[in-house]
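These are the residues of each chain, in order.
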Amino acid sequence: MPLTTRLRSVLSDARERAGSDDATTTDGLGDGESTADPATGLFECPACGNVYVAEEKSTCSSCDEPVEEVSATLSRE
């Protein structure tokens, strides 16, 4: 599964768990408040492919290999 597809899945699952009552949104439909820079980042393990959303992450929880931070911006393929 491509990384962008996996990230979209992880992010949509997180949005569903958070609920849709958040007043600040990034889709332009909120109440005019701007969103702050996220406090979390996206990290991927190149060895096993696990993706993490965390403030800081240096090693993979599954295989103990170093993880790499990936861009939080998803581009269309």
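Description of the structure in this document.

Scoring rules and cut-offs
- Residues numbered from 1 in each chain as written.
- Predicted model: local features only at pLDDT ≥ 70, side-chain atom pairs only at ≥ 80, totals over all residues.
- Heavy atoms only, no water.
- Core = buried A, V, L, I, M, F, W, Y, C linked by side-chain atoms within 4.5 Å.
- Buried < 20%, exposed > 50% of the residue type's maximum accessible area, 1.4 Å probe, protein only.
- Contact = heavy atoms within 4.5 Å.
- Helix = DSSP H or I, 4+ residues; strand = E, 2+ residues; numbered from the N terminus.
- Pairing = 2+ DSSP bridges.
- Axes fitted to C-alpha atoms, helices over the stretch in contact; angles between N-to-C directions.

**Some thoughts on the nonpolar core**
Listed in full, the six residues of the largest apolar core are F43, C45, Y52, A54, C60 and V67. If sequence neighbours within four positions are ignored, V67 has contacts with F43, E44, C45, P46, Y52, K57, S58, T59 and C60.

**Concerning the environment of V10**
Following the sequence through the fold, V10 ends up in helix α1 (residues 3-18). Considering only alpha carbons, one finds V10 and Y52, 42 residues apart in sequence, at a separation of 8.9 Å.

**Concerning the sheet that holds strand β2 (residues 51-54)**
Across the sheet, which stays open at both edges, the three strands sit in the order β2-β1-β3 with antiparallel pairing between neighbours. What marks the edges here is a single partner per strand, and that holds for β2 and β3 (68-70). Shown here is a sheet whose adjacent strand axes are inclined to one another by a mean of 40 degrees, direction ignored. In this sheet, β3 lies alongside strand β1 (residues 41-44) in antiparallel orientation, the contact comprising three bridges. Of the residues in β3, the one forming a bridge with F43 is E69.

**Section: the side chain of E44**
For E44, the location among the structural elements is in strand β1. Residue E44 is classed as buried on the basis of its relative accessible area, which comes to 18%.

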